Amino acid sequence: MPDTFVADNKCVTVEIDADQIAWITLNRPEKRNAISPSLSNDMQQALDRVEHDEAVKVVVLTGAGDAYSAGMDLREFFRASDNLTPEKRAAFGRSSSWQWRRLRYFLKPTICMVNGWCFGAGFNSMIACDLAVAADEAQFGLSEINWGMIPAGNVLKNVCSVMNQRDAMYYTITAETFDGKKAAQMGVVNESVPRAKLKDRVREIAKVLADKNVNTMRACKFAVKRVPEMSWDDADD
Ligand code: COA
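Remember, it's a predicted structure, so these values are computed and weren't measured experimentally.

J.: Just to check I follow, could you spell out a nonpolar patch on the surface for this structure?
T.: A cluster of nonpolar side chains, contributed by Ile145, Met169 and Ile173, occupies part of the molecular surface with about 280 Å² of accessible area. Structurally, methionine 169 can be placed in helix H6 (residues 165-174).

Here is the structure:
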């Protein structure tokens with residue numbers, strides 16, 4: 001029987017299966033899994049729940065319904081009030097924390113399973129995961145320019161870390177969408193497969209990761225993330 005967990009606000013669910021894979025699902029399908037303050041609080045709870053649980057070897061992030069995530073909740077983060085109140089500032093901080101820092105330095109291997117729409121801040125958690133596999137049918141977009149914003153909060157830093165300069169510029173200033181196959185071709189995700197095969201393919205990869213020594217896995221994934229920012233001498237040390 002899988003072990004299941006629903007976070008306080010029901011915006012995130014977790015299922016830990018017999019293969020020791022924790023499937024974390026962003027669960028606001030009616031809002032295309034837009035990232036609200038409640039979802040961010042739930043995600044922190046979910047990540048806490050799985051990070052130190054020895055029954056969990058690999059974590060998969062995905063979205064309920066047709067979307068991975070439509071990005072930041074435009075109403076709750078940007079439209080509810082023009083003022084950056086202390087509460088709002090704190091909510092931004094919690095939101096940024098799980099999407100980037102927390103996932104980037106997560107102790108267990110992470111895979112983003114991009115099942116559908118992935119917009120704006122959706123890129124953050126997708127790129128912060130160690131691996132990403134998309135449905136061919138998934139649609140990606142950096143639509144911020146259409147909303148009078150730049151892809152902020154480290155979205156561009158993430159995007160520029162996986163796309164070349166020309167592609168990053170093109171998709172940022174045109175807001176044109178691209179599908180899973182194109183995302184794989186540009187290196188935004190590791191691969192894309194037809195949506196019907198997505199979960200099986202992700203499970204296959206997760207089982208390979210689950211078989212590795214946990215300490216060596218952690219050392220390898222942190223090294224891959226940090227080495228590009230080091231000098232040759234530092235990396236050699
Ligand atoms: N923030 C808040 N609500 C959002 C949202 C977001 N980023 N994205 C979608 N929603 C809400 C819609 O307002 C709508 O709510 P309602 O039913 O209460 O009116 C609901 O989710 C469904 O959206 P809809 O546009 O009807 O779904 P769709 O399947 O036709 O299209 C998207 C899906 C993702 C293409 C479309 O919702 C979209 O373009 N969203 C904005 C994405 C974006 O620009 N993100 C960057 C944010 S900086």
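So much for the structure itself; the text now carries on.
J.: Sorry, what's going on with H6 here?
T.: Three- or four-residue spacings in an α-helix give side chains the same orientation, since the helix completes a turn every 3.6 residues. When we look at burial in H6, the residues that qualify are Ala168, Tyr171 and Thr172. Buried residues of H6 fall within an arc of 100° about the axis and therefore sit on the same side. Residues of H6 that are exposed and angled more than 90 degrees away from the buried face: Arg166 and Ile173. The elements touched by buried residues of H6 are helix H5 (155-162), strand S10 (178-179) and helix H7 (180-186). Looking one or two residues beyond H6, the residue adopting positive phi is alanine 175, at roughly 65°.

J.: Just to check I follow, could you spell out unusual backbone geometry for this structure?
T.: Phi is mostly negative for residues that are not glycine, and the peptide bonds are mostly trans. A positive phi is found at glutamine 20, a non-glycine position, where the angle reads about 65°. When you line up the elements, glutamine 20 lands in the loop between strand S2 (12-16) and strand S3 (21-26). Among the residues examined, glutamine 20 registers a relative accessible area of 28% and is labelled partly exposed.

J.: Teacher, can you tell me more about the site of the ligand here?
T.: Inspection of the region around the ligand gives 14 residues, with Lys31, Ala70, Leu74, Ser143 and Trp147 positioned closest. One of the side-chain N or O atoms of lysine 31 is found 2.5 Å from an oxygen atom in the ligand. Protein contacts shield 62% of the accessible area of the ligand, which totals 880 Å² for the unbound molecule. Classifying every residue of the shell around the ligand by side-chain character gives 8 nonpolar, 1 polar and 5 charged.

Calculation criteria
- Residues numbered from 1 in each chain as written.
- Predicted model: local features only at pLDDT ≥ 70, side-chain atom pairs only at ≥ 80, totals over all residues.
- Heavy atoms only, no water.
- Patch = residues over 30% accessible without salt bridge, like charges linked within 9 Å, V, L, I, M, F, W, Y side chains within 5 Å.
- Areas by Shrake-Rupley, 256 points an atom, 1.4 Å probe, with all protein chains shown as cover.
- Salt bridge = Lys/Arg side-chain N within 4 Å of Asp/Glu carboxyl O.
- Helix = DSSP H or I, 4+ residues; strand = E, 2+ residues; numbered from the N terminus.
- Buried < 20%, exposed > 50% of the residue type's maximum accessible area, 1.4 Å probe, protein only.
- Arc of directions from axis to C-beta.
- Contact = heavy atoms within 4.5 Å.
- Near = heavy atom within 4 Å.
- Polar contact = N/O pair within 3.5 Å; in protein donor to acceptor, adjacent residues only side chain to side chain.
- Nonpolar A, V, L, I, M, F, W, Y, C, P; charged D, E, K, R; others polar.

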